[in-house]
Amino acid sequence: MAAAVEAFSRAAKIDHADQPKGLYLNQGERGFTDVTYSAKIAQSSLPYVSWGTGFEDFHNDGLPDLLIASGHIYPDIDTVPSNAKYREPLLLYRIKGDRTFGEIAGPAGLNDGAIQSRRGVAFGDINNDGNIDMVIFNVGAPPSLFLNDTKNSNHRVLFKLIGTKSNRGAVGARITVTSVTRTQIEEVKAGSSYISTSDPRLHFGLAGDSLMTKVEIRWPSGGVETLLNIPADAIYTIVEGQGIKNSIKLPALAAR
């Protein structure tokens, strides 16, 4: 019996745990480069069996953070001597601007509640305050809702796209947002993360930029629309071929 338990433990770890979560840098025509270790996410992600994953700007600083939800597939893993556990903590990495990440799930309070065996993650601004929130699917337990109550003076914007010549959900549409300090690109997707569908509205953190000098929308139909000098801190509804049809002002920013 002891030998069987030891074999199960060893197989469960080898097959699923003790593998770093891969991060690959797109080098264009040169292909992709594995930067898992240089980006400093390898060691902290190594013990976990991970599922739902997403790059989202939780701080509205214009730099994408990385969220990873984990959980082993075998509940019995808790009964054997092993570093792997069925219920595993969330990982949240904040990019430092030098292509390295720091793990901040603890300070962010993501693991203050009960640890779960987690799977899919859906991201979106649930309470329309300009911050990205998330809903996480837990095995054998209700989903977890995490509201992002980050308060800072960073500007942000959301775009809701409605297709006319394109599909109504504007799936496949791409927005390029240019402000004084940066250019960002996002695309409307029908699915993301693991068995999840996130908020179809496109969110951009703009840091200290209160104005978008240029917003370019490439619709699935092939049409391109360009909007100039658009203020930040609002939710804009844009209808294909008709420009901005509605705007909702986001809550006031925290004082500097």
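Structure's up top.
Residues numbered from 1 in each chain as written. Predicted model: local features only at pLDDT ≥ 70, side-chain atom pairs only at ≥ 80, totals over all residues. Heavy atoms only, no water.

To continue, consider the overall build of the protein. Within the protein, the secondary structure is distributed over three helices and 17 strands. Its C-alpha atoms put the protein at 70 × 40 × 35 Å along the principal axes. Taking the contacts inside the protein whose residues are at least 6 apart along the sequence as the reference set, 54% of them involve residues at least 24 apart. Of the accessible surface of the protein, which amounts to about 13100 Å², a share of 54% is contributed by carbon and sulfur atoms. Taking the average place of the 26 positive charges on the side chains of the protein and the average place of its 27 negative ones, the gap between the two points comes to 3 Å. (Helix = DSSP H or I, 4+ residues; strand = E, 2+ residues; numbered from the N terminus. Contact = heavy atoms within 4.5 Å. Areas by Shrake-Rupley, 256 points an atom, 1.4 Å probe, with all protein chains shown as cover. Lys, Arg positive; Asp, Glu negative; His and termini not counted. Charge placed at Lys NZ, Arg CZ, Asp CG, Glu CD.)

Here we take up the side chain of Asp125. Structurally, the position occupied by Asp125 is in the loop between strand S7 (118–124) and strand S8 (133–138). In this structure the side chain of Asp125 is engaged in a polar contact, spanning 3.0 Å, whose partner is the backbone nitrogen of Asn128. In this structure, Asp125 is in contact with Gly130, Asn131, Ile132, Asp133, Leu158, Asp199 and Arg201, ignoring residues within four places of it in sequence. (Polar contact = N/O pair within 3.5 Å; in protein donor to acceptor, adjacent residues only side chain to side chain.)

Should the charged atoms of two oppositely charged side chains come close, the side chains can pair. This model, assessed by the stated rule, comprises five salt bridges. One salt bridge in this structure joins Asp233 and Arg156, with 3.1 Å as the shortest N-O distance. Taken together, the positions of Asp233 in the loop between strand S15 (224–231) and strand S16 (234–239) and Arg156 in strand S10 (residues 155–162) put the pair 77 residues apart, joining distant regions of the chain. Each of the two residues, Asp233 as well as Arg156, counts as buried. Here Arg174 makes a salt bridge to Glu187, at a shortest N to O gap of 2.8 Å. Placement of the pair is Arg174 in strand S11 (residues 174–179) and Glu187 in strand S12 (residues 183–187), with a sequence separation of 13 residues. Under the relative-accessibility criterion, Arg174 is labelled partly exposed at 40%. (Salt bridge = Lys/Arg side-chain N within 4 Å of Asp/Glu carboxyl O. Buried < 20%, exposed > 50% of the residue type's maximum accessible area, 1.4 Å probe, protein only.)

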